[in-house]
Amino acid sequence: MSGTDIERPDLEALGWDELVARKRKLSSELKTLTDRIVELDRNHSHKVGGEIRDQRSILDGMTDRQKQLRGEIDSGNAALLAVSEKISQSKNFLSLMEARLPAEKEEDLQETIKKNQALVDSKDYKSEREKNEILSRVKDASMKQEAIKAVRTIREQMGLLTQESTNINSSIMRLNEERDSIRVKASEINRALDGLYDSKRKMAGERDSSLTEYDELARQFDAINARLDAMAEMRRKQREEYGHGLPSDALFKAIETARKKLQSGEKLSFDELKLLYGEKD
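Here's a quick rundown of the structure. The structure presented is a predicted model; accordingly, all values stated were derived computationally and were not measured.

Things to note about the nonpolar core
Judged by nonpolar contacts, the single largest core of 14 residues is most densely connected at Val48, Ile52, Leu59, Met62, Ile189, Leu193 and Leu196. In terms of nonpolar packing, the next biggest core, distinct from the first, is built from 12 residues, Val83, Leu94, Val151 and Leu161 among them.

Rendered as structure tokens:
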């Protein structure tokens, strides 16, 4: 029942018993509306408000985590770029050095250095020229050996850099997966919040409608009380002046009819004037 559908009977056309019955009906309807408004305020509205607060809190936490993830992903991408540049530099170095690597094995070069250095140390040479030739062989073998070591070191570093790149990529993938998961959950929460806000608006509208209906019923209730009070007073006068000979409410209805005729400008009979005059005394 809405406020626009509330029945508004002509109270002046109702007798005492009809008014009392109407009052009881309105009292029951007012209680039902009161219970409904209290239920909306205490239960539904409070429950929905609590759910909204809980969901908003979860969503705020997700938003903070998303910001953190963006920072971690950006840092990971920066680190990955730095490692990729180092790998590229190492590849360039290897491509240059591997083309110049000696055919000899490192062990053979080490043996050459050892033997020729022993000749120098023991001065087992016949002339300064022979000595310089021996030193030249030591220097040449040493340079070739250092080149082999440098290539080996770069290769080892490349292996470490490649593993580091793999680890960073894996970390970024996990962070992206977590971010995507949070986005899905956040979208679900936003849909749930839309439903909760819609429910809250509907409850607010229902409460406003119930309050409007309550106010209208309360006005009718007050009007009936006023009518019953007036009829009770008239009954008292009726008993004092005429006894109990008239039917219930007959004198009251006759006076109401005379008053309506007077208000509309109709001509009143002597008896009707007497009733109105007597009412005012």
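What about the side chain of serine 165?
Within the secondary structure, serine 165 sits in helix α3 (residues 128-242). Those residues in contact with serine 165 that lie beyond four places of it in its chain are Leu80, Val83 and Ile87.

Here we look at helix α1 (residues 16-98)
Here α1 spans 117 Å end to end across 83 residues, near enough to the 123 Å set by a 1.5 Å rise per residue. Along α1, the largest kink reaches about 40° and is centred on leucine 40.

Looking at the environment of serine 90
With respect to the helices, strands and loops of the structure, serine 90 is situated in helix α1. Exposure remark for serine 90: the relative accessible area of 8% places this residue in the buried category. On a C-alpha basis, the gap between serine 90 and glutamine 157 in space is 8.2 Å, while along the polypeptide they are 67 residues apart. If near-sequence neighbours (up to four positions away) are discounted, serine 90 is found in contact with Ile154, Met158 and Leu161.

Describing the environment of alanine 223
Its place among the elements puts alanine 223 in helix α3. Of the residues examined, alanine 223 reaches a relative accessible area of 32% and is grouped as partly exposed.

Focus: helix α2 (residues 106-121)
Think of an α-helix as 3.6 residues a turn; residues three or four steps apart then line up on the same face. Over its 16 residues, α2 runs 22 Å from end to end, which matches the ideal 22 Å to within 8%, given 1.5 Å per residue. What α2 keeps buried is the set Leu109, Ile113, Asn116 and Val120. Take α2 and look down its axis: the buried residues cluster within an arc of 80°, on one side only. Away from its buried face, by an angle of more than 90 degrees, α2 presents the exposed residues Glu107, Lys114, Lys115 and Asp121. Looking one or two places after α2, you find lysine 123, whose phi comes out positive at around 55°.

Quick notes on the pattern of salt bridges
When the charged atoms of two side chains with opposite charge come close together, those side chains can pair. Evaluated as defined, the whole model comprises 16 salt bridges. Between arginine 65 and glutamate 178 there is a salt bridge; the shortest N-O distance is 2.8 Å. Taken together, the residues arginine 65 in helix α1 and glutamate 178 in helix α3 connect sequence positions 113 residues apart. Between lysine 144 and glutamate 104 there is a salt bridge; the shortest N-O distance is 3.1 Å. On the criterion of sequence distance, the pair formed by lysine 144 in helix α3 and glutamate 104 in the loop between α1 and α2 is long-range, its members being 40 residues apart. Look at lysine 144 and you get partly exposed, because its relative accessible area is 24%. Judged by its relative accessible area of 34%, glutamate 104 falls in the partly exposed class.

Scoring rules and cut-offs
- Residues numbered from 1 in each chain as written.
- Predicted model: local features only at pLDDT ≥ 70, side-chain atom pairs only at ≥ 80, totals over all residues.
- Heavy atoms only, no water.
- Core = buried A, V, L, I, M, F, W, Y, C linked by side-chain atoms within 4.5 Å.
- Buried < 20%, exposed > 50% of the residue type's maximum accessible area, 1.4 Å probe, protein only.
- Helix = DSSP H or I, 4+ residues; strand = E, 2+ residues; numbered from the N terminus.
- Contact = heavy atoms within 4.5 Å.
- Expected span 1.5 Å × (residues − 1).
- Bend = angle between axes of the 7 residues up to and from the residue.
- Arc of directions from axis to C-beta.
- Salt bridge = Lys/Arg side-chain N within 4 Å of Asp/Glu carboxyl O.

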